[in-house]
Amino acid sequence: SIIRKLLVSHPNIFLLSVEDNLQPHVAFFKENCDFDGFDVDKMIESRNAGPIFGLSIEKNLNPSLAFLHERLSHNDVSKVLKSHPQILSLSIDNLREKVTYFDSLEGDFKDTDSPGETCDTLASKILRRSPSVYSLSLEKSIRPKVDFLANIWSVHEDGTTLNTTSVSKHLGQNPSVLSLSLSGNIQPTVRFLNSTGYIHLDENWHLRCANSTTLRGRDIATSLTKRLLPRWHFWRAHMRELNQEYERLPYSSVSR
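Because the structure is a prediction, the values reported are computed rather than measured.

Caption draft 1: Representation of the overall build of the protein chain within the structure. Scanning the protein chain from N- to C-terminus turns up 13 helices and two strands. Each of the 256 residues in the protein chain was classed as buried or not, and the buried ones make up 40%. Partitioning the intrachain contacts of the protein chain with sequence separation of at least 6 by distance along the chain shows that 64% fall at a separation of at least 24. In the structure as shown, the protein chain presents an accessible area of about 14200 Å², 48% of it carried by carbon and sulfur atoms.

Caption draft 2: Examining the packing of aromatic side chains more closely. For the structure on display, the rule yields six aromatic pairs. Measuring from ring centre to ring centre gives 4.8 Å for phenylalanine 148 and tryptophan 205, while their planes differ by 65 degrees; the resulting arrangement is edge-to-face. Of this pair, phenylalanine 148 sits in helix H8 (residues 138-152) while tryptophan 205 sits in the loop between helix H10 (182-195) and helix H11 (217-220); the two residues are 57 residues apart in sequence, bridging distant segments of the chain. Feature note: the residues Phe28, Phe29 and Phe35 constitute an aromatic cluster, connected by ring pairs.

Caption draft 3: Structural context of the pattern of salt bridges. Going through the model one piece at a time under the given rule, you end up with five salt bridges. When the shortest N-O distance is used, the salt bridge between arginine 71 and glutamate 70 registers 2.9 Å. The class for arginine 71 is partly exposed, based on a relative accessible area of 29%. For glutamate 70, a relative accessible area of 60% gives the class exposed. Among the ionic pairs, aspartate 120 bridges to arginine 128, the shortest N-O distance being 2.8 Å. Residue classification places arginine 128 among the partly exposed residues on the basis of a relative accessible area of 26%.

Caption draft 4: Main features of the side chain of lysine 98. Relative to the helices and strands, lysine 98 is located in helix H6 (residues 92-106). No salt bridge is formed by the buried lysine 98. Its closest oppositely charged neighbour is glutamate 97, at 6.3 Å. With near-sequence residues (within four places) excluded, lysine 98 lies in contact with Tyr134, Ser135, Leu136, Leu138 and Ile142.

Caption draft 5: View of the confidence of the model for the protein chain. Considering every residue of the protein chain, the mean pLDDT works out to 82; 83% of them sit at 70 or more. The low-confidence segment residues 112-118, where pLDDT is below 50, has four contacts with residues more than four positions distant or belonging to other chains.

Caption draft 6: The nonpolar core, seen in detail. Core analysis: the biggest nonpolar cluster contains 61 residues, and Ile87, Phe102, Tyr134 and Leu171 have the highest contact counts within it. Ranked by the residues each element gives to this core, the list is headed by H8, at seven residues.

Caption draft 7: H10, seen in detail. Every buried residue of H10 is listed here: Leu182, Ile186, Gln187, Pro188, Thr189, Val190, Phe192 and Leu193. Residue serine 181 occupies the N-cap position of H10, its side-chain oxygen lying 2.9 Å from the main-chain nitrogen of glycine 184.

Caption draft 8: Just the packing of helix H4 (residues 57-69) against H6, in detail. Remark: H4 packs on H6, axes separated minimally by 10 Å, with the N-to-C direction vectors making an angle of 20 degrees. With respect to H6, the axis of H4 lies roughly parallel. Between H4 and H6 the crossing geometry is right-handed. Only Ile92, Leu95, Arg96 and Val99 of H6 make contact with H4, whose side of the interface consists of Pro63, Ser64 and Phe67.

So, how was this worked out
The written sequence of each chain sets the order in which its residues are numbered from 1. Thresholds applied to this predicted model are a pLDDT of at least 70 for local features of residues and 80 or more for the giving and counting of side-chain atom pairs; totals over whole chains, interfaces and linings are not thresholded and use all residues. Hydrogen atoms and water are omitted, and side-chain values are computed over all heavy atoms in the structure. Helix numbering and strand numbering both begin at the N terminus, where a helix is a DSSP run of H or I of at least 4 residues and a strand a DSSP run of E of at least 2. Categorising residues by exposure relies on relative accessible area from a 1.4 Å probe, with only protein chains included: less than 20% of the type maximum marks a residue as buried, more than 50% marks it as exposed, and the intermediate range marks it as partly exposed. Only heavy atoms matter for contacts: two residues are in contact if any of them lie within 4.5 Å across the pair. Throughout, the Shrake-Rupley method with a 1.4 Å probe supplies accessible areas, and for residues the shown protein chains are the sole cover considered. A pair of aromatic rings is counted whenever rings of Phe, Tyr or Trp (Trp by its six-membered ring) have centres within 6.5 Å, and the orientation is called stacked for planes under 30 degrees apart, edge-to-face for over 60 and tilted otherwise. For salt bridges, the criterion is a side-chain nitrogen of Lys or Arg within 4 Å of an Asp or Glu carboxyl oxygen. The convention is simple: Lys and Arg are positive, Asp and Glu are negative, and His and the chain ends are not counted. Residue-level confidence of the predictor is summarised by pLDDT, bounded by 0 at the bottom and 100 at the top. Put simply, a nonpolar core is a bunch of buried Ala, Val, Leu, Ile, Met, Phe, Trp, Tyr and Cys residues held in one set by side-chain atoms that sit within 4.5 Å of each other. What qualifies as a polar contact is a pair of N or O atoms within 3.5 Å, subject to a donor-acceptor requirement within protein and to the restriction that residues adjacent in sequence count only when both atoms come from side chains. Axes here refer to lines fitted to C-alpha atoms; in helices the fit is confined to the stretch in contact. Angles between the N-to-C directions go from 0 to 180 degrees. The labels follow the angle: roughly parallel below 35 degrees, roughly antiparallel above 145, roughly perpendicular from 65 to 115, and oblique for the rest. Two helices crossing with the near one rotated counterclockwise from the far one by less than a right angle form a left-handed crossing, whereas a clockwise rotation gives a right-handed crossing.

The following block contains the structure:
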């Protein structure tokens, strides 16, 4: 069944030489990334990881691996590659462009657990916690999401200037929010929370009052159809049964 799946999803892998491509690549991951046989099997089965076996170890994989090691510990690099090996198929220029962009959001804000410890940059946090974000288009996916989230996090100064410190802080806490679809997940959830009065946005998605609920990344990532809407409708029905005036369910209970 696995071979059948490979034939459908990665037919080109059967054109590769066992001695020149497959065996050296398996050895590369075992020796440099702490992969075991199970990890290699998972990577081969992955829908988007197959092309990695066609990349040059010297020209592609080694430089990308060195780039990751400059920013993460060896254990973290191993975890990243096990969860998202496709990151090795990105060019160094592609990776560097995104690191530069995330650095620009960070500004003067740096996060350390205690004085004297190495700074954990926003680029490193995203790379470690949500590496699939790096496989997204910077211009078509990442930038539009950051611009939108900046509005609802109320981090625009005078309506024009972006307060990058706040953006960095929010994204650093929940970087996986950047892996969500803007039109399919983020905006519908925010629109629901606005229409029900949990937050107060204007027509440009800017917060209208300072004491509005501050949305966290994990709140935005909460399923609208499976969690938020069912709980909201249940609470409304419960209030009607009690013949009580409708009051909003506390926000912490809606998103929990």
